[in-house]
Amino acid sequence: MNSAQHLLESRPPSVAHIFLSRVEATPDREAYRHPVAAAHGAPGAEEWRSLTWAQTGERVKAIAAGLLTLGLRPEERVAISSSTRMEWILADLGVMCAGGAATAVYPSTDADETAYILADSGSRAVFVENAEQLAKVAAQTERLPGLDHAILFDPEPDLPPVEGLDVLTLAELEQRGTAYLQKHPEAVDETVGALERDQLATLIYTSGTTGRPKGVRLVHDCWSYQAVAQEVSGLLLPDDVQFLWLPLSHVFGNALISGQVRTGSVIAVDGRIDRIVTNLPAVRPTVMASAPRIFEKVYNGIAARAKAEGGVKYKIFLWAAKVARDHARTGQETMVATGRRTVPRWLSVQHALADKLVYGKIRAAFGGELRGSASGSAALAADIGYFFAGAGVPVLEGYGLTETSAAVTVNPVDDFRVGTVGRPLPGTEVRMAEDGEILLRGPGVMRGYHNLPEKTAEVLESDGWFHTGDIGEIDTDGFVRITDRKKDLFKTSGGKYIAPTEIESRFKAACPYVSNILVIGNNRNYCTALITLDESAIMPWSVSQGLEGRSYAEVVSAPEAHALIDGFVQRVNGDLQRWQTIKKFAVLPRDLDIEHGELTPSLKVKRPVVEREYAELVEAMYEGAREA
């Protein structure tokens with residue numbers, strides 16, 4: 001048995017066990033950084049404050065003990081409705097160390113669905129970020145007879161009482177817990193010591209495109225496995241500094257906490273997306289997890305700025321981008337063929353020059369220390385992946401689902417392959433069904449859907465194999481490639497199968513102005529597309545076209561914008577089979593977003609929602625259509 005196998009097989013029963021061991025082992029090491037108002041400086045100025053593991057442990061124990069004083073029993077649910085921030089992590093670890101099970105609620109969830117999740121989960125208490133989140137709960141208390149307590153992260157001095165709900169602040173909960181620990185100093189340690197692997201640790205509700213979300217039951221062993229698997233695979237190292245902005249209500253963010261606790265590395269946490277660009281140079285992370293949309297936006301922004309500068313600078317960027325792709329692609333091809341990543345000398349010389357002129361600035365924008373950025377939730381266009389790899393910012397695509405407690409495959413830093421989602425994590429098995437569906441088995445797989453045995457039986461076999469609903473393949477070196485969602489594949493009226501993700505990915509790689517694209521064609525005689533444009537890229541372009549002073553909606557509806565996008569559509573069509581080509585497209589007047597229910601919080605497009613919302617526009621693209 002090798003050391004990795006030994007670590008996996010001897011993993012602790014829970015992350016709560018791992019956390020207490022971490023606090024004891026490295027009490028004085030930095031654990032977390034989080035932004036706070038600056039003591040001096042201009043109004044609104046911020047600075048980063050650190051917590052050691054000992055300080056974190058003290059607060060987590062106080063929260064856990066406070067929950068025990070509220071009568072929390074093993075596996076009883078405590079919800080968290082908040083954006084990504086330090087208090088989210090403290091609350092989650094506190095629930096775990098109190099023996100409860102955290103129920104994650106996206107802060108963007110409306111009052112009706114929030115009430116549904118709290119009721120379906122049977123949550124006894126809920127952590128809420130602020131008065132806005134509390135109001136959503138307060139408006140639905142008649143549907144929540146089992147909910148007794150609400151704990152506010154941000155105190156509100158004149159908050160009116162909520163009938164039937166005990167409302168207290170996080171500080172007050174910690175004070176109760178501290179007083180309780182003075183009388184019962186071993187209470188939290190004993191509670192953690194009694195935790196077992198198969199006790200419920202977390203309920204995460206899938207952001208379904210239709211109907212009510214399903215609660216995914218993840219037990220303590222799921223997270224303990226994630227923690228150790230991330231360690232033994234080298235995804236996280238003890239000296240890493242990780243910048244965490246992903247929603248912690250999503251399984252991806254949750255899993256990152258597990259790995260960080262195990263390795264004892266540092267997390268700088270701030271969920272404000274509009275602060276990412278500012279935070280990266282300040283934090284200087286060595287690792288960061290993200291969604292493909294972020295890298296697409298960064299690339300589009302770089303390309304748009306270079307084009308706006310025009311002349312020699314734009315030509316240098318285009319040349320450097322091609323060199324980056326060629327360098328990364330050639331290195332990958334030689335790695336696959338020979339086991340060594342090598343490139344011709346002439347390409348190395350060009351790459352070194354491009355590095356001085358362009359790539360160094362890109363790395364600096366990410367903080368200058370990034371050794372890899374994990375990417376999940378959707379496919380990254382290969383050309384964008386090669387670009388960042390060549391620029392020295394490797395995007396390590398991985399694959400996982402809520403039902404598998406996040407990652408089950410990931411690309412290793414020293415042998416990543418663009419266009420794949422990497423190899424299975426140690427301890428996870430992957431195989432393909434006869435129809436190409438990916439099946440998974442391992443400790444990270446859920447124990448079922450909450451209160452939904454029939455739905456569980458549809459995807460989880462008695463021997464532990466989970467049906468992902470994704471179509472893919474495994475190469476001879478064990479790298480997995482996702483080709484599409486099983487439910488997203490469609491057949492044209494001419495009988496041709498279409499994988500829309502493949503076409504969408506090609507278009508995103510070709511067009512620096514695109515934000516989102518949805519290819520349509522199920523039971524139709526040809527493919528069409530709904531396209532949205534990236535405001536930060538298209539608005540500078542509009543000035544060069546004499547469209548200055550016009551709004552975003554006016555710009556994207558202009559004939560010049562349609563002609564621009566048509567050029568990219570025709571370019572992509574030239575590399576597709578006839579039945580795959582986009583015959584018509586429509587540019588939407590605004591981008592897709594979470595607020596309108598068109599994107600999940602992890603930025604996946606909800607296809608049925610978008611198709612319903614723009615049904616008239618879609619039908620107009622098929623009016624008078626003849627068989628193609």
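> How do you make sense of helix α10 (residues 251-263) when you look at a structure like this?
Every α-helix winds through 3.6 residues per turn, so residues three or four apart in the chain are directed the same way. Here α10 spans 19 Å end to end across 13 residues, near enough to the 18 Å set by a 1.5 Å rise per residue. One or two steps after α10, the chain reaches G264, where phi turns positive at roughly 75 degrees.

> Honestly, the sheet that holds strand β5 (residues 125-128) in this entry has me stumped. Any pointers?
Sheets are built from strands that pair by backbone hydrogen bonding, the pairs being arranged parallel or antiparallel. With mixed pairing, 7 strands are arranged side by side in an open sheet as β7-β6-β5-β3-β4-β8-β9. Since the sheet does not close on itself, it has two edges, and those belong to β7 (166-169) and β9 (215-219), each with one partner. Neighbouring strand axes in the sheet, compared pairwise and without regard to direction, differ in orientation by 20 degrees on average. With 3 bridges connecting them, strand β4 (residues 101-105) and strand β8 (residues 200-205) associate as parallel partners. Each bridged residue has a counterpart across the sheet, and for A104 the counterpart in β8 is I204.

> Can you walk me through the nonpolar core in this structure?
Buried together is how nonpolar side chains tend to be arranged in soluble globular proteins. Counting residues in hydrophobic clusters, the biggest one holds 114 residues, and the most contacted among them are Y32, F127 and F388. When residues in this core are grouped by element, the largest group, 9 residues, is from helix α4 (residues 86-97). Among all residues touching Y32, those that are not within four sequence positions of it are R49, S50, L51, W53, T56, M86, I89, L93, I257, Q260, V261 and I267. In this structure, C511, V514, A558 and I582 belong to the second largest nonpolar core, which totals 33 residues.

> Would you mind showing me how to read the sheet that holds strand β14 (residues 395-401) here?
The 9 strands are arranged β2-β1-β11-β10-β12-β13-β14-β15-β16 in an open sheet whose pairing can be described as mixed. Lying at the two open borders of the sheet, with one neighbouring strand each, are β2 (46-52) and β16 (423-424). Sheet analysis places strand β1 (residues 30-37) next to strand β11 (residues 266-269), joined by 2 bridges and oriented parallel. The residue of β11 that forms the bridge with R33 is A268.

> So what exactly am I meant to see when it comes to the packing of aromatic side chains here?
In total, this model carries 13 aromatic pairs according to the counting rule given. One aromatic cluster is present, formed by F295, Y299, F317, F366, F387 and F388 through successive ring pairs. Between R329 and the ring centre of Y386, over which it is positioned, the NZ or CZ distance is 4.4 Å. Looking at R341, its charged tip hangs above the ring of F416, at a distance of 4.9 Å from the centre.

> Explanation requested: the pairing of strand β15 (residues 406-410) in the structure shown.
For a regular strand, the rule is simple: side chains alternate between the two faces of the sheet. Within β15, 4 of the 5 residues are buried, which leaves it mostly tucked inside the rest of the structure. In this sheet, β15 lies alongside β14 in antiparallel orientation, the contact comprising 4 bridges. In the strand pairing of β15, G398 is matched with V410. The antiparallel hairpin formed by β14 and β15 contains 4 residues in its connecting segment, where S405 sits at a positive phi of about 50 degrees. Where β15 and β16 come together, 2 bridges link them in antiparallel fashion. Counted as the bridge partner of V410 is R423 from β16.

> Just to check I follow, could you spell out the side chain of R77 for this structure?
Residue placement: R77 occurs in strand β3 (residues 77-81). Lacking a salt bridge, the buried R77 has E75 as its closest oppositely charged neighbour, with an N-O distance of 6.3 Å. In this structure R77 touches A101, T103, S121, G122, S123, R124, A125, L200, L203 and H450, once residues within four positions along its chain are discounted.

> Could you clarify how one ought to interpret the pairing of β11 in this entry?
Covered by surrounding structure in β11 are V266 and A268 together with I267 and V269, the residues of both alternating faces. By the bridge criterion, 4 bridges tie strand β10 (residues 241-244) to β11 in an arrangement that is parallel. From the neighbouring strand, F243 faces β11, where its bridge partner is A268. Between β10 and its parallel partner β11, the chain crosses via α10, and the hand of that crossover is right-handed.

Cut-offs and rules
- Residues numbered from 1 in each chain as written.
- Predicted model: local features only at pLDDT ≥ 70, side-chain atom pairs only at ≥ 80, totals over all residues.
- Heavy atoms only, no water.
- Helix = DSSP H or I, 4+ residues; strand = E, 2+ residues; numbered from the N terminus.
- Expected span 1.5 Å × (residues − 1).
- Pairing = 2+ DSSP bridges.
- Axes fitted to C-alpha atoms, helices over the stretch in contact; angles between N-to-C directions.
- Core = buried A, V, L, I, M, F, W, Y, C linked by side-chain atoms within 4.5 Å.
- Buried < 20%, exposed > 50% of the residue type's maximum accessible area, 1.4 Å probe, protein only.
- Contact = heavy atoms within 4.5 Å.
- Phe/Tyr/Trp six-rings, centres within 6.5 Å; stacked < 30°, edge-to-face > 60°.
- Lys NZ or Arg CZ within 6 Å of the ring centre and 35° of its normal.
- Lys, Arg positive; Asp, Glu negative; His and termini not counted.
- Salt bridge = Lys/Arg side-chain N within 4 Å of Asp/Glu carboxyl O.
- Right-handed = clockwise from strand over helix to strand, strands pointing away.

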